[in-house]
Amino acid sequence: MVVKVYGPDFASPKRVLVCLIEKEVEFETVPIDILKGQNKDPEFLKLQPFGVVPVIQDGDYTLFESRAIMRYYAEKYKSQGTDLLGKTIEERGVVEQWLEVEAQSYHPAIDNLVIEILLGRKRGITPDAKVIEESEKKLAKVLDIYEERLSKSKYLAGDFFSLADLSHLPFTKYLADMGKMYLIEERKHVKAWWDDISNRPSWKKVSSSRWPLLE
Ligand SMILES: N[C@@H](CCC(=O)N[C@@H](CS)C(=O)NCC(=O)O)C(=O)O
């Protein structure tokens, strides 16, 4: 059964695409243009009641929330492709810890910048300088902690690439689109980590696809 991934051109679905490629799971994509409001169509809302992408369909199994989908496939195909969860329950715990850090601390700060700068530009709204400044400060604080962590291990959860690293890929790419890559580059270990994970063939393949926010 080929997995269907809805909304491939947006950042959150890209987490899922990278995960499926790493796990060597066959998939097809279903375009959903959120800029045209297709994510609020009644048919789409039957699959994803919150009206956001991604959602996957795997036969008659439907799942939404990008990180939940990644966890599902990383577990379902544990011994196929890249092991993204760690070998022991302790390693798994650390993967989960950094996945939560990404979701609760890293992502919200970048998301605010994306809303103000990229979406604002797209919609012709002047960005709120105060929100930008505060979000950037929050992100810098998180990255200082990453710098410390990555001075001790190659990847966030240890010496293996995991879902915790993968989950950072799509939104960190937005920093480049916003001219804010210095936040990564001025931290030696964070930069080495980013250079490593962003050069994985899975991410290169996914990130070279269409990127509608900047059209
Ligand atoms: N927590 C959700 C967030 C999904 C999300 O916000 N997706 C964005 C695209 S990256 C979206 O569909 N936005 C449309 C909207 O907010 O109307 C996940 O990780 O799946």
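Every chain is numbered on its own, with residues counted from 1 as its sequence reads. Note on the predicted model: pLDDT of at least 70 is required for a residue's local features to be given, and 80 or more for side-chain atom pairs to be given and counted; whole-chain, interface and lining totals, by contrast, use all residues.

In the nomenclature of an unreviewed UniProt entry, the protein chain is known as glutathione transferase of Vitis rotundifolia. UniProt positions are given in the numbering used here, feature names are shortened, and annotations may be inferred rather than shown by experiment. For the protein chain, the Catalytic activity (unreviewed entry) comment in UniProt is given as "RX + glutathione = an S-substituted glutathione + a halide anion + H(+)".

(A) Representation of the overall build of the protein chain. If you tally the helices and strands in the protein chain, you get 10 helices and 4 strands. Start at the N end of the protein chain and walk to the C end: the helices and strands fall as β-α-β-α-β-β-α-α-α-α-α-α-α-α. When we talk radius of gyration, it's over C-alpha atoms, and the globule rule is simply 2.2 Å times the number of residues to the 0.38. In terms of overall dimensions, the protein chain is globule-like: its C-alpha atoms have a radius of gyration of 17 Å, near the 17 Å expected for 215 residues. Counting only C-alpha atoms, the protein chain reaches 50 × 45 × 25 Å along its principal axes. Considering only intrachain contacts with a sequence separation of at least 6, the fraction spanning at least 24 residues in the protein chain is 67%. We count a stretch as a helix when DSSP gives it H or I for four or more residues in a row; a strand needs E for two or more, and each element gets its number in order from the N terminus. Residues are scored as being in contact if the C-beta atoms we place from backbone atoms lie within 7 Å.

(B) Structural detail: the site of the ligand. Only the C-beta atom, placed from the backbone, is used; a residue is near a molecule or strand if that atom lies within 6 Å of it. Around the ligand, the surrounding shell consists of Phe10, Ala11, Ser12, Ile34, Asn39, Gly51, Val52, Val53, Pro54, Glu65, Ser66 and Arg67. Counting residues per element, the ones that place at least two in the shell around the ligand are helix 1 (11-22) and helix 3 (66-76). Residue classes in the shell around the ligand are distributed as 6 nonpolar, 4 polar and 2 charged. In this count, Pro and Cys sit with the nonpolar residues alongside Ala, Val, Leu, Ile, Met, Phe, Trp and Tyr, while Asp, Glu, Lys and Arg are called charged and the others, Gly among them, polar.

(C) Structural view of helix 9 (residues 188-197). Residue burial is a threshold on neighbouring C-beta atoms within 10 Å of the residue's own C-beta, all placed from the backbone, with 20 or more meaning buried, 12 or fewer meaning exposed, and counts in between meaning partly exposed. Within the sequence span of helix 9, burial applies to Val190, Trp193 and Trp194. End-on, the buried residues of helix 9 take up no more than an arc of 95°, which puts them together on one face. Summarising the geometry of helix 9, the exposed residues directed more than 90 degrees from the buried face are Lys188 and Asp195. Arc definition: it is the arc formed by the directions from the helix axis to the C-beta atoms.

(D) Structural view of the confidence of the model for the protein chain. Looking at the protein chain, pLDDT values average 94 and 97% of them are 70 or higher. Predictor confidence is given residue by residue as pLDDT, running from a minimum of 0 to a maximum of 100. Counting contacts from residues 211-215, a segment whose pLDDT is below 50, to residues more than four positions away or on other chains yields 6 contacts.

(E) Representation of unusual backbone geometry in the model. Of note, the amide linkage connecting Val53 to Pro54 takes the cis form, showing an omega dihedral of 15°. In this fold, Pro54 is placed in the loop between helix 2 (42-47) and strand 3 (55-58). The phi angle at Glu24 is positive, at roughly 55°, despite the residue not being glycine. Among the secondary structure elements, Glu24 is positioned in the loop between helix 1 and strand 2 (27-30). Despite not being glycine, Glu65 shows a phi value in the positive range, around 80°. The residue Glu65 is located in the loop between strand 4 (61-64) and helix 3 in this model. Classification of Glu65 by C-beta neighbours within 10 Å gives partly exposed; the count is 17.

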